[in-house]
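Read off the chains here:
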Amino acid sequence: MNMQREEQIQRYLCGMSTLEEMTEFKSALKHDERLRILYLDYLNLEIALETAAEAAETTSYPIGSSFVDRSQWRFRNWSAIA
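Residues numbered from 1 in each chain as written. Predicted model: local features only at pLDDT ≥ 70, side-chain atom pairs only at ≥ 80, totals over all residues. Heavy atoms only, no water.

Trainee: Hey, could you run me through the pattern of salt bridges in this one?
Mentor: Inspection of the entire model under this criterion finds 2 salt bridges. For Arg-5, the salt bridge identified is with Glu-24, shortest N-O distance 3.3 Å. Remark: Glu-24 occurs in helix H2 (residues 19-31) and Arg-5 occurs in helix H1 (residues 3-14); sequence separation between them is 19 residues. The partly exposed category is assigned to Glu-24, whose relative accessible area is 38%. We note a salt bridge from Glu-21 to Arg-11, for which the minimum N-O separation is 3.1 Å. (Salt bridge = Lys/Arg side-chain N within 4 Å of Asp/Glu carboxyl O. Helix = DSSP H or I, 4+ residues; strand = E, 2+ residues; numbered from the N terminus. Buried < 20%, exposed > 50% of the residue type's maximum accessible area, 1.4 Å probe, protein only.)

Trainee: How do you make sense of the packing of aromatic side chains when you look at a structure like this?
Mentor: Where two aromatic rings form a pair, the distance of their centres and the angle of their planes describe that pair. On inspection of all chains with the given rule, the structure shows 3 aromatic pairs. Judged by centre distance (4.8 Å) and plane angle (40°), the rings of Tyr-12 and Phe-25 are tilted. Taken together, the residues Tyr-12 in helix H1 and Phe-25 in helix H2 connect sequence positions 13 residues apart. We classify Tyr-12 as partly exposed; its relative accessible area is 22%. Overall, Phe-25 belongs to the buried group, its relative accessible area being 1%. Here Tyr-12 and Tyr-39 contribute two aromatic rings whose centre-to-centre distance is 6.0 Å and whose plane-to-plane angle is 65°, an arrangement assigned as edge-to-face. Of this pair, Tyr-12 sits in helix H1 while Tyr-39 sits in helix H3 (residues 33-58), and the two are 27 residues apart along the sequence. Grouped by ring-pair contacts, the aromatic residues Tyr-12, Phe-25 and Tyr-39 constitute a single cluster. (Phe/Tyr/Trp six-rings, centres within 6.5 Å; stacked < 30°, edge-to-face > 60°.)

Trainee: Before we go on, may I ask you to explain the confidence of the model for the protein chain in this structure?
Mentor: Mean pLDDT over the protein chain works out to 79, with 70% of the residues at or above the 70 mark. Across the protein chain, the secondary-structure element scoring lowest on mean pLDDT is helix H4 (residues 78-81), at 46, and the one scoring highest is H2, at 94. Confidence drops under pLDDT 50 across residues 75-82; counting only partners more than four residues distant or on other chains, this segment forms 15 contacts. (pLDDT = per-residue confidence, 0-100. Contact = heavy atoms within 4.5 Å.)

Trainee: Mind showing me how you'd approach H1 here?
Mentor: The α-helix advances 3.6 residues per turn, and as a result positions three or four apart in sequence lie on the same side. End to end, H1 covers 16 Å across 12 residues, agreeing with the expected 16 Å (1.5 Å per residue, within 8%). Of the residues one or two after H1, Gly-15 is the one with positive phi, at around 75°. (Expected span 1.5 Å × (residues − 1).)

Trainee: Explanation requested: the nonpolar core in the structure shown.
Mentor: Most often, soluble globular proteins keep nonpolar side chains buried together rather than apart. Ranked by size, the top nonpolar core spans 8 residues in total: Ile-9, Phe-25, Ala-28, Leu-29, Leu-35, Leu-38, Tyr-39 and Tyr-42. Of all elements in the fold, only H2 and H3 reach the threshold of two or more residues within this core. In this structure, Ala-28 is in contact with Arg-5 and Leu-35, ignoring residues within four places of it in sequence. (Core = buried A, V, L, I, M, F, W, Y, C linked by side-chain atoms within 4.5 Å.)

Listed below in structure tokens is the structure:
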């Protein structure tokens, strides 16, 4: 899968796609099985990361311990992870 498709998925999931990009992406999803599989992988990863972030926010930390504030934590740049 080329980098353009991965960026297209990221933009779509982030809500940053233009109307034209969304239309083209949805059409591509209908016709490209590999793209659908990759899209579902990204979607599952997005859900897992959001769930982990929410769980981390509800975890209590003892006084004096160090922790990372994850209130704004979201991975959106998938290429940085790979």
